[in-house]
Amino acid sequence: MSAFPEISKIKYEGPDSKNNLAFRHYNENELVEGKSMREHLNFACAFWHTMRMNGTDPFGSATMYRPWDDGSDSVENAQNRVRVFFEFLEKMSFPFYCFHDRDIAPEGATFKETCANLDAVVKVFKEEQDRTGINLLWGTANLFGNPRFMHGAATSSNADAFAYAAAQVKKALEVTMELGGRGYTFWGGREGYQSFLNTDMKRELDHLAAFMHMAVDYAKEIGFKGQFYFEPKPKEPTKHQYDFDCAACINFLRTYGLADDVKMNIETNHATLAGHTVEHELDYAGSQGFLGSVDANAGDMLLGWDTDQFPTDVYMTTKMMYIIMKYGGFKTGGLNFDAKVRRESFEPIDLFYAHIGGMDAFAKGLKIAAKLRASGELKEMTTNRYASWNSGIGARIEAGKEDFKSLFDYITEKGEIEANISGRQELFENVLNRYMFD
Ligand code: XUL
Ligand code: CO
């Protein structure tokens, strides 16, 4: 039985279409720089938002109308959600999806029962994957929702909570592998702290590293070839999260010997909460060789929390795709819509409008980014800013042929530096606008 009987498969109708249930830009097989849009974008749908968000917020109860969901915690209801999810994925032409263990299956009375519930639901995922050819981009474990993780999971002051989290991730890795997942994501959840007075930070960080090493080791042991990701987020729920931003995460990975096994999963709204733009985070990770995957969403600059809105700002998607393409595009990762419809957008059809908007915004951004790259105009302007490094003293510094003493002599003799040239930020912005609208 169909959960969305009035909605047929969403088709590409081109930029002139006025059909709100059609793609205007996302044409999955269209080639951009010789690669299909589908492969450039690797869109994934987040099970937790699409199937589990019911509209509750700190001030009010559920608003969402979901006729297929009986609201119970039964395994049967969980299995049925999976079938509805795949109907949605198929109608939206999603090549991928992502999940947390606890979104897809209910906890049982014991850990053993919980694992059995998970297996029962994973069986349906497997059937639906085989039926549709839709794949798992990455899996993850929810190590933050249950009260047992009140002090964190890998960084908990309670060693048993660490052990429970390890058991949970062991199982989540097995399930991710069973479903052919291309990756596994760590998001800290409660891995952080509120007050230094009651916190042994060094010990907590050591534990977090030990935990991630155990995961990497176990993945090797069972032959899981997926890419591990670490997802930065600066606050919410804890005040000081250990995975604050890409710089903090990469420092952690390098310090603890995890740099070869883990890349970044960068989320727009998390970047902005850290006081960065998502472009900054993508470029930083890319420049350090850690660009893995993206949780695509948007925040609200007037609200200081993680609103997880759908991304519709084509400036933002253009800049994101420009940077992602600069680093060679996604290898294992993709664009996972870690985004939810607003509490007031409570009808099933809103799930379609939301994802169509996000996918079209990225498809349009991809096309503009490709035009920018083809012309080389911005790149050339940026390169020209650094012309002083191409010869003379700049080239010698880059080649490691100068030191403080030689530079002291150089400047002493010269007396003053070559005149600076304008940064021309406004001109750069004008050029971008020309590509946005022409
Ligand atoms: C939370 C968040 C998570 C991670 C996966 O803010 O982004 O959903 O993406 O745990
Ligand atoms: Co996320």
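The text that follows walks through the structure, step by step, so that each part is easy to find. Residues take numbers from 1 onward in each chain, read along the sequence in its written order. As a convention, the first chain written is A and the first ligand written is 1, with the rest following in written order. Local features in this predicted model are restricted to residues of pLDDT 70 or higher, and side-chain atom pairs are both shown and tallied only at a pLDDT of 80 or more, whereas totals for entire chains, interfaces and linings draw on every residue. To get the side-chain values, take all heavy atoms of the structure and skip hydrogens and water.

Looking only at helices and strands, the protein chain has 16 helices and 14 strands in total. Each principal axis of the C-alpha atoms in the protein chain carries an extent, and together these give about 80 × 60 × 45 Å. Relative accessible area decides the class of each residue, using a 1.4 Å probe on protein chains only: under 20% of the type maximum gives buried, over 50% gives exposed, and in between gives partly exposed. Here the protein chain holds 438 residues, and the buried ones make up 49% of them. Taking the contacts inside the protein chain whose residues are at least 6 apart along the sequence as the reference set, 77% of them involve residues at least 24 apart. Here the positive residues are Lys and Arg and the negative ones are Asp and Glu; neither His nor the chain ends is included. Note on charges: their place is set at NZ of Lys, CZ of Arg, CG of Asp or CD of Glu. Of the charged side chains in the protein chain, 48 are positive and 63 negative, and the gap between their average positions amounts to 3 Å. Runs of H or I in DSSP of at least four residues are treated as helices and runs of E of at least two as strands, each being numbered from the N terminus. Whether two residues are in contact is decided by their heavy atoms, any of which lying within 4.5 Å being enough.

Attention now goes to the pairing of strand S6 (residues 96-100). Judged by how many residues are buried, S6 sits mostly within the fold: 5 of 5 residues are covered. Burial along S6 is two-sided: the residues Phe 96, Cys 98 and His 100 and Tyr 97 and Phe 99 are all buried. Here strand S5 (residues 43-46) runs beside S6; their pairing, made up of 3 bridges, is parallel. Paired with Ala 46 across the bridge in S6 is Cys 98. One bridge is not enough; two strands pair if DSSP finds at least two bridges between them.

Once that is clear, we can look at the site of ligand 1. For this purpose, a residue is taken to be near a molecule or strand whenever a single non-hydrogen atom of the residue falls within 4 Å of it. Taken together, Trp 48, His 100, Trp 138, Trp 187, Glu 231, Lys 233, Glu 267, His 270, Asp 295, Asp 306 and Asp 338 are the residues near ligand 1. Between ligand 1 and His 100, the relevant distance is 2.7 Å, taken from an oxygen atom to a side-chain nitrogen or oxygen of the residue. As used in this structure description, the phrase polar contact means that two N or O atoms lie within 3.5 Å; if the pair is within protein, one of them must be able to donate a hydrogen and the other to accept it, and residues adjacent in sequence are counted only when both atoms belong to side chains. Asp 295 places a polar side-chain atom, nitrogen or oxygen, 2.8 Å from an oxygen atom of ligand 1. Areas reported here follow the Shrake-Rupley algorithm with a probe of radius 1.4 Å; residue values treat only the protein chains shown as occluding. Contact with the protein chains hides 93% of the accessible area of ligand 1, taken as 290 Å² for the molecule alone. The cavity where ligand 1 resides is the largest pocket. Class assignment of the residues belonging to the shell around ligand 1 gives a composition of 3 nonpolar, 2 polar and 6 charged. The pocket and cavity definitions rest on a 1 Å grid over protein atoms only: a 1.4 Å probe that fits but cannot leave marks a cavity, an open set with protein on both sides within 12 Å along at least five of seven lines marks a pocket, and residues lining either have an atom within 4 Å of a point. Any molecule with more than half of its atoms within 2 Å of a cavity's or pocket's grid points is counted as sitting in it. Side-chain classes follow a simple rule in which Ala, Val, Leu, Ile, Met, Phe, Trp, Tyr, Cys and Pro form the nonpolar group, Asp, Glu, Lys and Arg form the charged group, and the remainder, Gly included, forms the polar group.

The subject of this paragraph is the state of the cysteines. One covalent bond between the sulfur atoms of two cysteine residues makes up a disulfide. Only a pair of cysteine sulfur atoms within 2.5 Å counts as a disulfide in this structure description. Summed over all chains, the structure comprises 0 disulfides. We note that Cys 98 lacks a disulfide partner, and the nearest cysteine sulfur, in Cys 45, lies 8.8 Å from it. Looking at Cys 98, the relative accessible area reads 0%, which means it is buried. There is no disulfide at Cys 246, and the cysteine sulfur nearest it, in Cys 249, is 6.5 Å away.

The calculated volume of the largest pocket comes to roughly 1,300 Å³. Considering the residues around the largest pocket, the lining is formed by 41 residues, among which His 49, Met 53, Asp 306, Asp 308 and Lys 340 are closest to the centre. Looking at the lining of the largest pocket, the elements with two or more residues in it are helix H2 (47-52), helix H4 (101-104), strand S7 (135-140) and strand S8 (183-187). When residues of the lining of the largest pocket are assigned to their parent elements, the largest contribution, 3 residues, is made by H2. Here the lining of the largest pocket is built from residues that sort into 12 nonpolar, 11 polar and 18 charged. Grid points are joined across faces, edges and corners, and a volume is the space filled by probe spheres set on the points.

With that settled, the discussion passes to the coordination of the cobalt ion (ligand 2). Because no water is among the atoms considered, metal sites can look incomplete, with donors defined as N, O and S atoms within 2.8 Å of the metal, or 3.2 Å for Na, K and Ca. Within the protein, Glu 231 (OE), Glu 267 (OE), Asp 295 (OD) and Asp 338 (OD) serve as the donor atoms for the cobalt ion (ligand 2), at 1.9 to 2.2 Å. Every geometry call rests on angle ranges, with four donors termed tetrahedral when all angles are between 85 and 135 degrees, four termed square planar and six termed octahedral when opposite donors are over 155 degrees apart and all others are between 65 and 115, and everything else termed irregular. Because the angles between the 6 donor atoms bound to the cobalt ion (ligand 2) fall within 80 to 169°, the donor set is best described as octahedral.

The criterion for an aromatic pair is that two Phe, Tyr or Trp rings (for Trp, the six-membered ring) have centres within 6.5 Å, with stacked assigned to planes under 30 degrees apart, edge-to-face to planes over 60 apart and tilted to the rest. Scanning the entire structure with this criterion turns up 32 aromatic pairs. With centroids separated by 5.3 Å and ring planes inclined at 90°, the aromatic side chains of Phe 162 and Phe 211 adopt a geometry described as edge-to-face. Highlighted residues: Phe 162 in helix H6 (residues 159-178) and Phe 211 in helix H7 (residues 201-222), separated in sequence by 49 residues. The class for Phe 162 is buried, based on a relative accessible area of 16%. Put simply, the rings of Phe 23, Tyr 26, Phe 43, Phe 94, Phe 310, Phe 337 and Phe 362 pair up and form one aromatic cluster. When the ring centre of Phe 149 is taken as origin, the NZ or CZ atom of Arg 148, which lies over that ring, is 5.8 Å away. Here, a charge over a ring means that NZ of Lys or CZ of Arg falls within 6 Å of the ring centre while also lying within 35 degrees of the ring normal. Over the ring of Tyr 164 we find Arg 148; its NZ or CZ atom is 3.9 Å from the centre of that ring.

Remark: helix H11 (residues 314-326) packs on helix H16 (residues 425-437), axes separated minimally by 12 Å, with the N-to-C direction vectors making an angle of 105°. Relative to H16, the element H11 lies roughly perpendicular. Only Leu 432, Asn 433, Met 436 and Phe 437 of H16 make contact with H11, whose side of the interface consists of Val 314, Tyr 315, Thr 318 and Lys 319. For the contact of H11 with H16, the residue count by class is 5 nonpolar, 2 polar and 1 charged. For helices, the fitted axis covers only the stretch in contact; all axes are lines through C-alpha atoms, and the angles between them, taken along N-to-C directions, range from 0 to 180 degrees. Oblique is the label for any angle not under 35 degrees, not over 145, and not in the 65 to 115 range, which are roughly parallel, roughly antiparallel and roughly perpendicular in turn.

A few words on the pattern of salt bridges. For salt bridges, the criterion is a side-chain nitrogen of Lys or Arg within 4 Å of an Asp or Glu carboxyl oxygen. Taken as a whole and judged by the stated rule, the model has 22 salt bridges. Residue Glu 127 pairs with Lys 123 through a salt bridge whose shortest N-O separation is 3.7 Å. Taken together, the residues Glu 127 and Lys 123, both in helix H5 (residues 111-132) and 4 residues apart, mark about one turn of the helix. The class for Glu 127 is partly exposed, based on a relative accessible area of 38%. On the basis of relative accessible area, Lys 123 is assigned to the exposed category, the value being 53%. When salt bridges with common partners are traced through the structure, they connect Asp 101, Arg 102, Glu 107 and Arg 148 into a single cluster.

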